[in-house]
Structure formats: C-alpha cells, structure tokens
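Chains, contacts and geometry: an overview
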Protein chains: 2
Amino acid sequence: MHWISAEHDLVHENEHRAEELRARFDACGVRAINIMSAPGSGKTSLLAETLPRLPASIRAGVVEGDVRGALDAERLKPYGVPVWSITTGDQCHLDARQVTGALSDQALASLDLLLVENVGNLVCPASFSVGEHARVVLLSVAEGDDKPEKYPLMFERADLLVITKVDLLPHLDFSVDHAVNAARRLRAGLPALQLSCKTGLGLNEWMAWTLGVAGRPAER
Amino acid sequence: MHWISAEHDLVHENEHRAEELRARFDACGVRAINIMSAPGSGKTSLLAETLPRLPASIRAGVVEGDVRGALDAERLKPYGVPVWSITTGDQCHLDARQVTGALSDQALASLDLLLVENVGNLVCPASFSVGEHARVVLLSVAEGDDKPEKYPLMFERADLLVITKVDLLPHLDFSVDHAVNAARRLRAGLPALQLSCKTGLGLNEWMAWTLGVAGRPAER
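The structure contained in this document is the topic of the report that follows. Keep in mind the model is a prediction, meaning the values are calculated, not measured.

Basis of the calculations
Residues numbered from 1 in each chain as written. Chains lettered and ligands numbered in written order. Predicted model: local features only at pLDDT ≥ 70, side-chain atom pairs only at ≥ 80, totals over all residues. Heavy atoms only, no water. Core = buried A, V, L, I, M, F, W, Y, C linked by side-chain atoms within 4.5 Å. Buried < 20%, exposed > 50% of the residue type's maximum accessible area, 1.4 Å probe, protein only. Contact = heavy atoms within 4.5 Å. Pairing = 2+ DSSP bridges. Helix = DSSP H or I, 4+ residues; strand = E, 2+ residues; numbered from the N terminus. Axes fitted to C-alpha atoms, helices over the stretch in contact; angles between N-to-C directions. Phe/Tyr/Trp six-rings, centres within 6.5 Å; stacked < 30°, edge-to-face > 60°. Buried area = accessible area lost by both parts, 1.4 Å probe. Salt bridge = Lys/Arg side-chain N within 4 Å of Asp/Glu carboxyl O. Nonpolar A, V, L, I, M, F, W, Y, C, P; charged D, E, K, R; others polar.

**Side note on the nonpolar core**
Soluble globular proteins: nonpolar side chains tend toward being buried together. Residues A:L161, A:I163, B:L161 and B:I163 are the most contacted members of the largest nonpolar core, which totals 58 residues. Ignoring sequence-local partners within four residues, the contact set of A:L161 consists of A:V137, A:L139, A:F155, A:V180, A:A183, A:L190, A:P191, A:A192 and A:L193.

Here is the structure:
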C-alpha cells in the first residue's frame, strides 16, 4: 500500500463527510472557522484573546484537536464557552468524521460560531476539511518567511493569513512582505494581518474578520 | 478506510524497508542521523553550521525532505557535499522507501555520515524510520515549552533534544527546564542541549554528539 494513494482515498472520503457536516452547520446557523498552523504558532493564545472579545450575542464554541492530551482545552476552560476536545491518537490532523462525532445536533443548536483549532501541522490539515466556512493559517515570525513556498497547499487554500508573534520581529530576519507576497502568489489577494498577542497589535483587525465570517460585521 | 488503520499498515510496511535500509547503511559503513522538528525550528540552519565543521576525514551527505520544491537543498549547495532532494508530494514525512530510492549503492559507498532533514512536522516523522542510527528533535524556544507534552511520540523516540534559537529566550516565556523535564518524562535520561545558530552557543556540544554518532568521538 502506497501512502499517497491511501491518503487520496482518505481525502476523498473526508470530502463527503465534510460536506455533510457543513450542511449540518448551515441548518443550525453555525459558522465554522478552521484555525491551522505549525506547532507553537499561537493558535491557542489567539483563541484565548478572541473568546473574551466576542459580543455576548454570539454563542461561541471551540473544538480543540490534539494528538494526545487536552492541554489546550484546559487552557480555554476559564473563558466559559463549550470546548470539545478531540484527541486524534497520533493522527496528524483533524478530520470531518472526528468533528462530526464530537458535535451533537443539540450542541450545534446552541452555537452561532465554532472555532476549530486543528492539530499543529502545516501539511495534512490543509487536505482535510472539517466542514468549515473559512480557513485561517497562522505563521509565526520565528518560523521564517519561506514557509508559504515550502508548505504551499496550506496557503493556497487559506482565506486569511495571520502573521503572529510580530513583537519578535526586531530580533529576527523575517520579511513580512516576503511571506505575504509568497502566500499571495499561491492565493491571489489573500487577506493578511500582523498580530501580537503580547502587545495586542492586530487583534481588532482579527476580530473584525472573525465577526465578518460569523455574519455579524456590524457589531464590531 | 480508517486513517489510523491505514497508517498502521504503512508504519508496519515502513519498518521492514527501514531495517533493509539500515542494513545497507551498515554494510557501507554509513551512519545516519534523522533530524526532525516542527516547520521553522532551524533544521537547515543547523545543517549549514554543521557541514563546514565536520573534519575532512568524514565524507558527509545530506538528504533533504520537502513536501514541495527544493529550497533547503539549494541552501546547502554551497557546502560542497552531496545533497539528495526528496520531494514528498504533500506526504507529511519522509519514509524508508523514498530514502532507499534516492540513494544508490554507489552513493552510499562514497559516504561516512548521512544527515537526513525530515519534513517539518512533529507528528508523523516520529512513526516512520528512515533507517537512521540516531534521531534528533529540534524544538525552537518560540514554539513554547509545552511541545513535548503535546507531541509526545516525537520526544519518546528521540536520542537527542536540541533546544534552538535560545538567543530569543529573553523575549519569550519559555522554560528550558520545563521542556527538558517534560521530554525526559517521556524518555528517561534524554540528552539535551541548548543551541543558537546566531550566537554559536551549543554548536561544539552538537558537533561532539554528531561525531559520536559517526563513530569518531576522538576527532572532536
């Protein structure tokens, strides 16, 4: 058995499940965002900044994907929104089957916005939709500005690029222009923003985008 | 088809190929090191510091694994050692079949030390041996000190932990002790060193370890 053909079968099967899941989201009026990045780019930190900034009228929930353990889910408990922890058991990405299994109809009926934190990985999560309406890729400035060229599928399929940890820029050889331009060669016009959870830079812009996906752009 | 069972078949098949490849390495007197980490932890930068520091008596070669393109292989060309570039075609790790296919008997006969830079990923490369004699995992301080707990298999199976980009420590909330202790709970006694390619810290220690794996500890 060859990896690539095996993965193609799995990707194909996942597409059907993701379409069914998206139909369930739509039927319940839930908008879903798939948040992806390499390990340690700041996905959980961004969620911890996002949840308290959401207007009370938006009922949010989080799906936390981890290969093992539930450290990230624990980190988000203080924010008072439902968190579904999915442990993938060494699978390197979330898939639609797992997210479908985690979310009952009752759970979906209680939500307006679902934030899905995928497993930290710049490769396979790009191939496995979880029924999301929008995809975000985070790229930390510590990872280097060559990542869009090296992991193109993730950037080709993104709806937003968030350059994270920009407070570290003075200490690194990272060109924001190089990274953004490389990503836009893969996806023309890809929106991009610079963010630092430490300084707060970019959080307003991020919240405006998120509320736009949630269908509430006027509330920002 | 279920991802996990499909991956188990692939891991099992890979084990056989990896044993065959290791036997070929041994027959040719080649020692192989599998270098793994998340994207952007500094694998290529470390190789760029390593190659010029190797004694002339060690004939080194590099295998560069990338999902697409050959940016890293290009970066290493100036160092005058053979570089075999393997493009995995969106597979999130190198496998023994790919490395076997890249290295002829003639190539192996010309080498003493093979440095394999795996695809940037903290998950699947841990499950797919490429016939190596030793495994290194790099963890950049920008990624956070919780990574061993979140991606345990990679650290359980490592022979050396290299904490990279430690020049950034003053700007980050990263506890080296926390990361090293977490890794050692997964693999008792795991050797660990702190490294910065920017300042040169840790490079002597890294070279001593590498020469030890190469069977030339006296030359350091």
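**Some points on the sheet that holds strand β4 (residues 113–117) of chain B**
Residue and element names in this part refer to chain B. The parallel open sheet is built from seven strands, whose spatial order is β3-β2-β4-β1-β5-β6-β7. Edge positions in the open sheet fall to β3 (83–87) and β7 (192–194), since each of these has one partner strand only. Each neighbouring strand pair of the sheet contributes to a mean axis angle of 20°, computed without reference to strand direction. Most of the contacts of helix α2 (residues 43–50) go to β4, to which it runs at about 155°, and overall it touches β1 (31–37), β2 (60–66), β4 and β5 (134–140).

**Topic: unusual backbone geometry**
We note that A:K165 has phi near 55°; this positive angle belongs to a residue other than glycine. Overall, the relative accessible area of 19% leaves A:K165 in the buried class. With a phi close to 75°, B:D90 is a non-glycine residue in the positive phi region. One can find B:D90 in the loop between β3 and α4 (96–102).

**Some details on the packing of aromatic side chains**
Both the distance between ring centres and the angle between the ring planes are used here to describe each pair of aromatic rings. Residues and elements named next belong to chain A. Counted according to the given criterion, the structure contains two aromatic pairs over all chains. Residues W206 and W209 carry aromatic rings whose centres are separated by 5.7 Å and whose planes lie at 20° to one another, so their mutual orientation is stacked. Taken together, the residues W206 and W209, both in helix α9 (residues 203–213) and three residues apart, mark about one turn of the helix. Here the two residues W206 and W209 agree in accessibility, since each one is buried.

**A short note on the interface of chain A and chain B**
Counting residues at the interface gives 46 residues for chain A, matched by 46 residues for chain B. For the chain A and chain B pair, buried surface summed over both sides reaches about 4100 Å², with 62% attributable to carbon and sulfur atoms. Inspection of the chain A/chain B interface yields six salt bridges. For A:R68, the salt bridge goes to B:E156, with nearest N and O atoms at 3.3 Å. Sorting the residues of the side of chain A that touches chain B by element identifies α1 (3–27), α3 (71–76), α6 (147–150) and α7 (152–156) of chain A as the ones contributing at least two each. Among the elements that take part in the side of chain A that touches chain B, α1(A) stands out by supplying seven residues, more than any other. Grouping the constituent residues of the side of chain A that touches chain B by class yields 21 nonpolar, nine polar and 16 charged.

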